[in-house]
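Geometric and topological summary
Residue strings, one per chain:
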Protein chains: 2
Amino acid sequence: MATLKQVAAHAEVSVQTVSNALNAPHRLRPDTLERVNRSIELLNYRPNRNARSLRTSAVELIGYCVPNWPNQTHLVMDQFLHALCAAAERTGRHILLFTAPPGVDGMPVYDDLHARRLVDGFVLSQTETHDPRHGWLKEQKIPFISFGRVWKETTQPGPWVDVDGAAGSAMAVRHLHEAGRRRIAFLSWSKSSGLAEDRLGGWRKACKELGLPTSGLAVRCREDSITEGARATAELLDADPFLDGIVALSDILALGALRELGRRGLTPGVDVGVTGFDDSPLADVVSPGLTSLRQPMDDIAAELISILTDPDGPPDASTERLLHPELVIRGSSAPG
Amino acid sequence: MATLKQVAAHAEVSVQTVSNALNAPHRLRPDTLERVNRSIELLNYRPNRNARSLRTSAVELIGYCVPNWPNQTHLVMDQFLHALCAAAERTGRHILLFTAPPGVDGMPVYDDLHARRLVDGFVLSQTETHDPRHGWLKEQKIPFISFGRVWKETTQPGPWVDVDGAAGSAMAVRHLHEAGRRRIAFLSWSKSSGLAEDRLGGWRKACKELGLPTSGLAVRCREDSITEGARATAELLDADPFLDGIVALSDILALGALRELGRRGLTPGVDVGVTGFDDSPLADVVSPGLTSLRQPMDDIAAELISILTDPDGPPDASTERLLHPELVIRGSSAPG
DNA sequence: GCCGATGTTTTTAACGTTCAAAACATCGGT
DNA sequence: ACCGATGTTTTGAACGTTAAAAACATCGGC
């Protein structure tokens, strides 16, 4: 593989002139530039990333920790990763994957990756309540951006991009209301989940605005499973036979709702409208298709990378971006 | 962050002596080694990966293309990625993610990543029938290892690690047979899928060995969806009311089978035993749990990395490793 | 013709490791 | 005391880029 030196010899200029042709072509006389570019092309020159990184101290790699929590589904992770990679590539960067223990035990891994110049910074996701990574990275002055807020914190310990769960729930409520539903329930998680509280709040607010009842219509599921979604739906239907709408906090819970409706001979989209969250692969493969709130992965990724790679310097801790989900309407809420 | 030079000054030795302390400690007198190690620790020295890579021409990064095919589920990709990262890390390497168009159009991306010394080699997955990547990388003498064979090729164009789908299907058949099932069907895909043909062959072989019928008991699904799985199961049950076992080529199809059984008032694990493949998150969240064939992700990843990073040189094109899946038994085939 | 300003190209050094050769120190045999 | 062999440490250069300073070329005004 040709080096700058070989290209320079071929074009009969100095190494610096070839480097200028690549990085500051305006410095060169047109005829010199043309001659150098021809040599670059003829020799199929490709810049060596290591050499450049050594001199500039920028490796153009962004670290991302691949999650592996037991009993957790990551049904849309491939979409997120693809969007993240594509966004990083558009800025000439790439994503370096790594593993780390959760919580504070993982900090040495982040530290080592940055100290050894394997990455310039990090994209965080799967944020937990009281997630320690953000504060730690901020303290170490290691650049990062978070996909997701750190819930239950008085102040955010770093810049983040997130999807507006509350707005999403509200959107789902309005959609069901427009379809004629008047008693709309919400399938939630434990109170300790900030994300759940956020989405529950959106459901409540929208019902209030539309003059719909909320009392006794929100049920907490102990875990994110189809079984729990079905159980919660049974509980709701037993207590309220006139229930005609369900907004679920996740696609998994929504599938549980669909399961229970099926068991009771109720038709989704006709007797009861059902919506989920995440627009995972499940939403498309169930019958009828599940109406679900899609997270705008391409926009999320673009924002994350844009904030992290801002040429004006490391992202400000107060940077926040809330993006809107998109409601993908399928048969579970509106037969067609 | 301290450099070798600073550590050397602190320990009052040459830079090379510090490098030797790290990489060839046997060369040093014990007291010199101790003094140098103390300085390394005191100054919290961390080697700069770029400098080393520039000198050695090895970047210790392995490229992996994050798949993004429309209408394809990657339900276990997070497990695979985690296992791959962990295996790579155990050898001091990391995974660099990238995107590329499918087929031959993606080759320039692979070429560029290797030419620019961003990666040392690649792990390939999601192998298609007549996948062009393998032959191309082999021709370019770029190191790679494939998770999955290239189906329908007379000779394999490169080293691979794969899971024995045929053995998996056979395992599932035997399991159902042991549970008393005697008319066991197989839910497959299109004939053009080599993977499907392989698994179908395993089902057929095991049935033959056990003296079980196979005629009319294999059905092809047009796509990997719950709907198609349900449709195919309906077709099977209509034609054969005595059917008492179903081996599905994937968890998605198996879920379709469970759906259809539910519709007919048949109890999985009691009336009909059902198994799937991949042991995806779905297998655990449906009720009853789905018996499924789990791919040994940790073993797969360990083999992939071991072959790719063999110190004896680039992997031989004839290297092949077939690993056995594990049948995870849940309620869909054996109530408990 | 000279000189200051500007444009263009080259020269020098740096980044931080590793590799290989050289230098130095030590030891045992003569 | 000398010398060859071996152990230990140092020296010099290399990897391939980029950054900054220096050198060279050109031009217009005086």
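Residues numbered from 1 in each chain as written. Chains lettered and ligands numbered in written order. Predicted model: local features only at pLDDT ≥ 70, side-chain atom pairs only at ≥ 80, totals over all residues. Heavy atoms only, no water.

1. What about the interface of chain A and chain B?
It is common to give the size of an interface as the accessible area that goes away when the parts come together. Across the boundary between the two partners, chain A contributes 46 residues, which contact 46 residues of chain B. Across the interface of chain A and chain B, roughly 4400 Å² is buried in total on both sides, 62% from carbon and sulfur atoms. On inspection of chain A and its partner chain B, the count reaches four salt bridges. Residues B:Asp111 and A:Arg46 are paired through a salt bridge, measuring 3.0 Å at the closest nitrogen-oxygen approach. Scanning the region where chain A abuts chain B turns up 10 residue pairs in polar contact (both at pLDDT 80 or more). Secondary-structure elements contributing two or more residues to the side of chain A that touches chain B are helix 4 (49-56), helix 5 (77-89), strand 2 (94-98), helix 6 (107-115), helix 10 (226-239), helix 11 (251-263) and helix 12 (281-285) of chain A. Its residues assigned to classes, the side of chain A that touches chain B shows 26 nonpolar, 11 polar and nine charged. Pairing analysis gives three bridges linking strand 2 of chain A to strand 2 (residues 94-98) of chain B, with the strands arranged antiparallel. (Contact = heavy atoms within 4.5 Å. Buried area = accessible area lost by both parts, 1.4 Å probe. Salt bridge = Lys/Arg side-chain N within 4 Å of Asp/Glu carboxyl O. Polar contact = N/O pair within 3.5 Å; in protein donor to acceptor, adjacent residues only side chain to side chain. Helix = DSSP H or I, 4+ residues; strand = E, 2+ residues; numbered from the N terminus. Nonpolar A, V, L, I, M, F, W, Y, C, P; charged D, E, K, R; others polar. Pairing = 2+ DSSP bridges.)

2. Looking at the protein's contact with DNA strand C
Around DNA strand C sit 24 residues in total, of which A:Ser14, A:Thr17, A:Thr32, B:Gln16 and B:Ser19 are the nearest. Considering DNA strand C, the proportion of its atoms within 4 Å of the protein that are sugar or phosphate atoms stands at 69%. Within the contact set of DNA strand C, a phosphate oxygen lies 2.8 Å away from a backbone nitrogen or oxygen of A:Ser14. Within the contact set of DNA strand C, a phosphate oxygen lies 2.9 Å away from a backbone nitrogen or oxygen of B:Leu4. Here the surface near DNA strand C is composed, by residue class, of eight nonpolar, 10 polar and six charged. (Near = heavy atom within 4 Å.)

3. Some points on the packing of aromatic side chains
Residue and element names in this part refer to chain A. According to the stated counting rule, one finds 12 aromatic pairs over all chains in the structure shown. Ring geometry for Phe-98 against Tyr-110: centres 5.0 Å apart, planes inclined by 90 degrees, an arrangement best described as edge-to-face. Of this pair, Phe-98 sits in strand 2 while Tyr-110 sits in helix 6; the two residues are 12 residues apart in sequence, bridging distant segments of the chain. Using a relative accessible area of 0% as the deciding quantity, one classes Phe-98 as buried. (Phe/Tyr/Trp six-rings, centres within 6.5 Å; stacked < 30°, edge-to-face > 60°. Buried < 20%, exposed > 50% of the residue type's maximum accessible area, 1.4 Å probe, protein only.)

4. Topic: the sheet that holds strand 8 (residues 245-248) of chain B
Residues and elements named next belong to chain B. On the basis of which strands lie adjacent, the open sheet formed by six strands has the order 7-6-8-9-10-12 and mixed pairing. The outermost strands of the open sheet, each flanked by one partner alone, are strand 7 (218-220) and strand 12 (326-328). Strand-to-strand twist of the sheet, defined as the mean angle between neighbouring strand axes without regard to direction, takes the value 20 degrees. Bridge analysis of strand 10 (residues 291-294) against strand 12 gives three bridges, and the strand direction is antiparallel. Residue Leu-293 lies in a different strand from strand 12, and its bridge partner there is Leu-327. Sheet strands in contact with helix 8 (residues 165-178) are strand 6 (184-188), strand 8, strand 9 (273-277), strand 10 and strand 12, and its direction is about 165 degrees off that of strand 9. Set on the sheet, helix 11 (residues 251-263) makes contact with strand 6, strand 8, strand 9 and strand 10; between it and strand 9 the angle comes to about 155 degrees. (Axes fitted to C-alpha atoms, helices over the stretch in contact; angles between N-to-C directions.)

5. Here's the deal with the domain arrangement of chain A
Residue and element names in this part refer to chain A. For chain A, the domain assignment lists domain 1 (4-47), domain 2 (61-164 + 297-323) and domain 3 (165-295). Between domain 2 and domain 3, the contact holds 13 residues from the first and 19 residues from the second. Per-residue buried area on domain 2 facing domain 3 is highest for Leu-75, Trp-151 and Asp-164; these three make up 45% of the total on that side. Linking domain 2 with domain 3 are one salt bridge. Across the pair Arg-149 and Asp-198 runs a salt bridge, and its minimum N-O distance is 3.6 Å. Taken together, domain 2 and domain 3 are joined by five residue pairs in polar contact (both at pLDDT 80 or more). Tallied by class, residues from the side of domain 2 that touches domain 3 come to seven nonpolar, three polar and three charged. (Domains from an automatic or database assignment.)

6. Things to note about the nonpolar core
Membership of the largest hydrophobic core comes to 88 residues, with the highest contact counts inside it found for A:Val274 and B:Val274. In this structure B:Val274 touches B:Leu176, B:Ile246, B:Ala254, B:Ala257, B:Leu258, B:Leu261, B:Leu290, B:Thr291, B:Ser332 and B:Ser333, once residues within four positions along its chain are discounted. Core analysis: the next-biggest nonpolar cluster, separate from the first, contains 54 residues, A:Tyr64, A:Val123, A:Phe147 and A:Met297 among them. (Core = buried A, V, L, I, M, F, W, Y, C linked by side-chain atoms within 4.5 Å.)

7. Details of the relation of the copies chain A and chain B
For the pair chain A and chain B, the relating rotation is 180 degrees, the translation along its axis is 0.0 Å, and the fit reaches an RMSD of 0.1 Å. Both chain copies can therefore be described as sitting about a two-fold axis. Judged by C-alpha distance, A:Leu96 is the residue of chain A that lies nearest the rotation axis, at 2.2 Å. Most of the interface of chain A is mirrored in chain B, where 100% of its interface residues again form contacts. (Least-squares fit on C-alpha atoms with pLDDT ≥ 70 in both.)

8. Topic: the protein's contact with DNA strand D
What surrounds DNA strand D is a group of 24 residues, the closest being A:Gln16, A:Ser19, B:Ser14, B:Thr17 and B:Thr32. Counting only atoms of DNA strand D within 4 Å of the protein, the fraction found in sugar and phosphate groups is 65%. Within the side chain of A:Gln16, a nitrogen or oxygen atom sits 2.7 Å from a base nitrogen of DNA strand D. Backbone polar atom of B:Ser14 to a phosphate oxygen of DNA strand D: 2.8 Å apart, as the coordinates give it. Within the residue set of the surface near DNA strand D, elements represented by two or more residues are helix 2 (15-23) and helix 4 of chain A together with helix 2 (15-23) and helix 4 (49-56) of chain B. Taken together, the residues of the surface near DNA strand D sort by class into eight nonpolar, 10 polar and six charged.

9. Quick word on the sheet that holds strand 3 (residues 121-124) of chain A
Across the sheet, 12 strands lie side by side as 11(A)-5(A)-4(A)-3(A)-1(A)-2(A)-2(B)-1(B)-3(B)-4(B)-5(B)-11(B); this open sheet has mixed pairing. Edge positions in the open sheet fall to strand 11 (320-323) of chain A together with strand 11 (320-323) of chain B, since each of these has one partner strand only. Shown here is a sheet whose adjacent strand axes are inclined to one another by a mean of 25 degrees, direction ignored. The sheet contact formed by strand 3 of chain A and strand 4 (residues 144-147) of chain A spans three bridges and is parallel.

10. A few points about the side chain of A:Asn20
As for its placement among the helices and strands, A:Asn20 is situated in helix 2. For A:Asn20, the residues in contact, after removing those within four places along its chain, are A:Pro25, A:Arg27 and A:Leu28.

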